[in-house]
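Descriptive analysis of the structure
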Amino acid sequence: MIFISKTLYDNSLGIALVLMLFFAAYFLVAKVPDKRIFANYLRSRRLMAGALLMLSANYSVHLLIAPRFLWQEAAIMMNLATYSFTYWLFSCAFIVLLNRYYLTWKRFLTHLLVSLLYAAFSFIILFCVPAGTVQHTCMAAMALWLIVYGFFLSRRVILTYRWAVRLFDDTHSEDIAAYIRWMSIFTWWALIFGVGCGLLTFLPDRYVFLWILSSIPFYIYLYCSYLNYLLFYEQVETILEKEMPEDVEPTLVGDVQAEPLQPSYYAAIKEPLDKWMATDGYTRQGLTIEELAGTLATNRTYLSSYIKSVYHVSFREWIAELRIEYAKQQLEKHPELTISAISEASGFLSLSYFTKIFSQKEGCSPAKWRKHI
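The present account deals with the structure reproduced in this document. (Residues numbered from 1 in each chain as written. Predicted model: local features only at pLDDT ≥ 70, side-chain atom pairs only at ≥ 80, totals over all residues. Heavy atoms only, no water.)

**Quick look at the overall build of the protein**
Put simply, the rule reads: Segments assigned H or I by DSSP are reported as helices when at least four residues long, segments assigned E as strands when at least two residues long, and all are numbered from the N terminus. Burial classification: accessible surface area is computed with a 1.4 Å probe over protein chains only, and a residue below 20% of its type maximum counts as buried, one above 50% as exposed, and the rest as partly exposed. Here a residue-residue contact requires only that any non-hydrogen atoms of the pair lie within 4.5 Å. In short, Shrake-Rupley with a 1.4 Å probe defines the accessible areas, and a residue's cover is counted only from the protein chains shown.
Counting its regular elements, the protein contains 17 helices and zero strands. Counting all 373 residues of the protein, 49% fall into the buried class. Put simply, of all contacts in the protein between residues at least 6 apart along the chain, 78% involve residues at least 24 apart. Surface exposure of the protein reaches about 18,500 Å², of which carbon and sulfur atoms provide 65%.

Shown next, in the form of structure tokens:
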């Protein structure tokens, strides 16, 4: 049984190690378009490569020395110490994609110091705390601390992601947030996986290969996501560069200050906005709130406040509602037009997005809605 466990353990480590080294090499050397705007994408990939190389070093020690079968407590504490700084590298890599001001030397050194202290405590527990119940209790406490730290970092990533979604929805008519949705999915997956790593490292020896194999789909998804995001990164980063003030935390950027009921500038916005709506101006593809504010000769902040106060939705949701109503009129008046043609005429860049929004609002697809009427 021990031989079988060791064989499964070594094979799973070998597979995971090869994949992680390949992904790390890709993140370090793969080329991107030679444009300044891709600097943060490269920075993010290098941070991710650093995290993967740290984990690869950990896996190499397990594969070559097999401390798990020689001194289990040492193997567990080595894992926890490795995860400590790796957690931050993972979270930092994602946040940098949405906030180019996040990574500073002060922040880097702070988290590095925290990780070094964690490693020092691990060393003390191994060599200075008596083996047995007391030592195992200390190890459990260190694992708990790591889990809490993982939740803290994940919360920061999610807050940054939600800030970016609000920013896109408040300024653009298209669903720009769809391009970064993978970050939210991966962050929740990383949180579950990271917490799982903190707990599964305590598995009995004969089951530990399951923990190692579980990392393979995790890293494959990460690699594919970075690869695909390269197609949309320039569009997203262009918006972020334009909209995000320097040295301001994303959780604070864009927070709407409380406005008095019906500010004086609302009256100046209402009449020209109503005229613009009457001319179906919202059907122009790629419309942004800045462009609309220029058309109405008003301030974009005032316009955003007006839309939220009067219609109780973001700019993107408001434009989508107007376009859906326009599309319904066209579906009824022009049965000869295809769904794709009506989607484009209504201002939607994507037929799939039009169908998705239409189905959400009407409870059926555009084709079924047309048949019913």
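Don't stop here, the text continues.
**A word on the side chain of Thr171**
By secondary structure assignment, the location of Thr171 is in helix H6 (residues 133–171). With residues near it in sequence (within four places) discarded, Thr171 still touches Glu243, Thr288, Ile289, Arg300 and Phe315.

**Quick look at helix H9 (residues 215–229)**
Which entries qualify depends on this criterion: To estimate the expected span of a helix, subtract one from its residue number and multiply by 1.5 Å.
For H9, with 15 residues, the first-to-last C-alpha span of 21 Å sits near the 21 Å given by 1.5 Å per residue. For H9, the set of buried residues is Ser215, Ile216, Phe218, Tyr219, Leu222, Tyr223, Ser225, Tyr226 and Tyr229.

**Quick look at the nonpolar core**
Note the threshold: Here the nonpolar core consists of buried residues drawn from Ala, Val, Leu, Ile, Met, Phe, Trp, Tyr and Cys, with membership extended through side-chain atoms lying within 4.5 Å.
Counting residues in hydrophobic clusters, the biggest one holds 80 residues, and the most contacted among them are Phe90, Phe94, Ile180, Tyr219 and Tyr226. In terms of residues, this core owes the most to one element, helix H4 (residues 72–98), which gives 18 residues. Not counting chain neighbours up to four residues away, the residues in contact with Tyr226 comprise Phe27, Tyr41, Ser44, Arg45, Met48, Ala93, Phe94, Leu97 and Trp182. In terms of nonpolar packing, the next biggest core, distinct from the first, is built from 21 residues, Ile289, Val313, Phe315 and Leu322 among them.

**Observations regarding the packing of aromatic side chains**
The following threshold applies: Between the rings of Phe, Tyr and Trp (Trp by its six-membered ring), a pair exists once the centres lie within 6.5 Å; its type follows the angle of the planes, with under 30 degrees stacked, over 60 edge-to-face, and the other angles tilted. Charge-over-ring placement is defined geometrically: NZ (Lys) or CZ (Arg) within 6 Å of the ring centre, and within 35 degrees of the ring normal.
Evaluation of the coordinates by the stated rule reveals 41 aromatic pairs. Taken together, a centroid distance of 5.6 Å and an interplanar angle of 35 degrees make the contact between Phe38 and Tyr233 tilted. Here Phe38 is found in the loop between helix H1 (2–29) and helix H2 (39–65), whereas its partner Tyr233 is found in helix H10 (residues 233–243), with 195 residues between them in sequence. Exposure class is identical for Phe38 and Tyr233. Each is buried. It is Arg45 that lies over the ring of Tyr26; its NZ or CZ is 5.1 Å from the centre. A cation over a ring is seen here: Arg323 above Phe348, with NZ or CZ 5.8 Å from the ring centre.

**Describing the packing of H6 against H10**
As a reminder of what qualifies: Lines are fitted to the C-alpha atoms to define the axes, a helix being fitted only along its stretch in contact, and any angle between axes, read from their N-to-C directions, falls within 0 to 180 degrees. Orientation is classified from the angle alone, with under 35 degrees giving roughly parallel, over 145 giving roughly antiparallel, 65 to 115 giving roughly perpendicular, and any other angle giving oblique. Nonpolar residues are Ala, Val, Leu, Ile, Met, Phe, Trp, Tyr, Cys and Pro. Charged residues are Asp, Glu, Lys and Arg, and all others, Gly as well, are polar.
At a minimum axis distance of 11 Å, the contact between H6 and H10 shows a crossing angle of 85 degrees. On the basis of the axis angle, H6 is roughly perpendicular to H10. Here Trp163, Leu167, Phe168 and Thr171 of H6 lie close against H10, whose contacting residues are Val236, Ile239, Leu240 and Glu243. When the residues that make up the contact of H6 with H10 are grouped by side-chain class, the tally is six nonpolar, one polar and one charged.

**Describing the pattern of salt bridges**
Going by this rule: Salt bridge, as applied in this entry: a Lys or Arg side-chain nitrogen positioned within 4 Å of an Asp or Glu carboxyl oxygen.
For the structure shown, the criterion picks out 15 salt bridges. Close ionic contact of Lys35 with Glu234 constitutes a salt bridge, the shortest N to O distance being 3.1 Å. Note that Lys35 is positioned in the loop between H1 and H2 and Glu234 in helix H10, a separation of 199 residues in sequence. In this structure, a network of salt bridges that share partners links the residues Asp169, Asp175, Arg181 and Arg316.

**Some details on the packing of H2 against H9**
To describe two helices that pack against each other, one gives the angle between their axes and the distance between the axes. Note the threshold: With the far helix as reference, a near helix turned anticlockwise by less than a right angle produces a left-handed crossing, and one turned clockwise produces a right-handed crossing.
One way to put it is that H2 packs onto H9 with a least axis distance of 12 Å and a crossing angle of 165 degrees. Between H2 and H9, the crossing angle belongs to the class labelled roughly antiparallel. You can see that H2 and H9 cross each other, and the crossing is left-handed. Contacts from Tyr41, Ser44, Arg45, Met48, Leu52, Leu55 and Tyr59 of H2 reach H9 at Ser215, Tyr219, Leu222, Tyr226, Leu227 and Tyr229. Its residues placed into classes, the contact of H2 with H9 shows ten nonpolar, two polar and one charged.

**Some points on helix H16 (residues 351–362)**
Basically, it comes down to this: In this description, the arc belongs to the directions extending from the helix axis to the C-beta atoms.
Between the first and last C-alpha of H16 there are 16 Å, a value that for twelve residues agrees with the 16 Å anticipated at 1.5 Å per step. When H16 is considered as a whole, its buried residues turn out to be Tyr353, Phe354, Ile357 and Phe358. For H16, the arc enclosing every buried residue in end-on projection is 125 degrees, short of the 170-degree limit, so these residues lie on one face. Along H16, exposed side chains directed more than 90 degrees from the buried face belong to Ser352 and Gln360. On the buried face of H16, the contacting elements are helix H14 (315–333), helix H15 (339–345) and helix H17 (366–372). Gly363 occupies a position one or two residues after H16 and carries a positive phi of about 80 degrees.

**What about the environment of Ala16?**
Structurally, Ala16 is set in helix H1. Along the backbone, Ala16 and Tyr59 are 43 residues apart, and their C-alpha atoms lie at a distance of 8.2 Å. Excluding residues that lie within four positions of it along the chain, Ala16 makes contacts with Tyr59, Ile212, Ser215 and Ile216.

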